[in-house]
Amino acid sequence: MSSHRGVVSRHGPQPTGSYPHAHVHGGMVWVTAQAGRDPGDGELVPGGIAGQLSQAIDNLEAILEDCASSLDRVVRTQIMYTDPDDADQIDALCARRFHAPLPVRTTWGVKFLAAEPGSEVVRVQIDCVAELR
Amino acid sequence: MTSDPTVVTKDAPEPRGPYVHARQHGGLVYVTAQIGRDPKTGDFVEGGFEAEFQQAIDNLEAILKAAGSSLDRVVKAQIEFVDERDLDAMNRIYGERFHDPLPARTSFGVAFLWKGAKVQIDCIAALD
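Residues numbered from 1 in each chain as written. Chains lettered and ligands numbered in written order. Predicted model: local features only at pLDDT ≥ 70, side-chain atom pairs only at ≥ 80, totals over all residues. Heavy atoms only, no water.

Novice: Explain the overall build of chain B to me, and be specific about the residues and the numbers.
Specialist: A tally of helices and strands in chain B yields two helices and six strands. Beginning at the N terminus, the succession of helices and strands in chain B can be written as β-β-β-α-β-α-β-β. The C-alpha radius of gyration computed for chain B amounts to 14 Å, which stays within 12% of the reference 14 Å derived for 128 residues, consistent with globular compactness. Dimensions of chain B, computed from C-alpha atoms along their principal axes, come out at roughly 45 × 30 × 25 Å. Classification of the 128 residues of chain B by burial places 51% in the buried group. Put simply, 69% of the contacts in chain B that link residues at least 6 apart link residues at least 24 apart. (Helix = DSSP H or I, 4+ residues; strand = E, 2+ residues; numbered from the N terminus. Rg over C-alpha atoms; globule rule 2.2 N^0.38 Å. Buried < 20%, exposed > 50% of the residue type's maximum accessible area, 1.4 Å probe, protein only. Contact = heavy atoms within 4.5 Å.)

Put into structure tokens, the structure is as follows:
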């Protein structure tokens, strides 16, 4: 199994369960779904859906870079979100962050993502599969 | 990335966001989730769940063809749908459209889909 490698990046919010940030195998990197958590303290960032998704993509990008990949090498993304009214903002934000060659995408609405101690809730998460450099 | 790994075809509804219909890598083609939108008008087809699911599979098939693959080379399919009462119709239509060697499959109920879609399906397929 030496061709398999789990990666925990210094630049993403530290995993809170039995998973790394990413798993590298066969010329590809599979990245754990990222929420809008600050990599420093792990807290959910403010700013609603835009703030959260922006931070989540920052986290995804940092993890990809640490795995010798990048956003433009993303083959496939999955986005889960909790409010149907956020769909247009999600598209607008992804359009600013993902550039050609674009990935394929599957998105769907979920009942909930994660419980938070405060009034803010996790509204979106994004994972991906990407090519290595 | 010496050649363009992405696929967009006129035979499927135009991507409505920052993504492509399909992307090739490592002998596989990854396809964006398809819903029951007419490729010509971009509107949802009429006729409820069954019509939407048939159209979504039509779209998936058109994209696979444009990418150099086909439904019978799908390795994994994933289906999301909103109403559990549509489960039997989903399984029946799926059984009519997919044949041996059948792909692995994950399907699940979701809280909602884009713009009120009742069902969507994506896949990963072999190119050879």
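From this point, the discussion proceeds with the structure in view.
Novice: Describe the sheet that holds strand β4 (residues 74–81) of chain B, naming the residues involved and giving the relevant values.
Specialist: Adjacent strands of a sheet form backbone hydrogen bonds with each other and so pair up, either parallel or antiparallel. Residue and element names in this part refer to chain B. If you trace the six strands from one edge of the open sheet to the other, you get β1-β2-β3-β6-β4-β5, paired in mixed fashion. Since the sheet does not close on itself, it has two edges, and those belong to β1 (6–7) and β5 (104–109), each with one partner. Note: strand β3 (residues 28–34) against strand β6 (residues 119–126), five bridges, orientation antiparallel. The residue of β6 that forms the bridge with Leu28 is Ala126. Here helix α2 (residues 87–97) sits on the sheet and contacts β4, β5 and β6; the angle it forms with β4, its principal contact strand, is near 155 degrees. (Pairing = 2+ DSSP bridges. Axes fitted to C-alpha atoms, helices over the stretch in contact; angles between N-to-C directions.)

Novice: Quick one: what's the story with the pairing of strand β3 (residues 28–34) of chain A, residue by residue and with numbers?
Specialist: All names here are of chain A. Bridging between strand β2 (residues 22–25) and β3 involves four bridges; their strand directions are antiparallel. Bridging across to β3, Ala22 finds its partner in Val31. Between β2 and the antiparallel strand that follows it, β3, lie two residues; Gly26 among them carries a positive phi value of about 60 degrees.

Novice: Any chance you could break down the pairing of strand β4 (residues 74–81) of chain A for me, citing the residues and the numbers?
Specialist: All names here are of chain A. Most of β4 sits inside the fold, with eight of its eight residues counted as buried. The sheet contact formed by β4 and strand β6 (residues 124–131) spans seven bridges and is antiparallel. Its bridge partner lying in β6, Thr77 is registered against Cys128. Here β4 runs beside strand β5 (residues 104–109); their pairing, made up of six bridges, is parallel.

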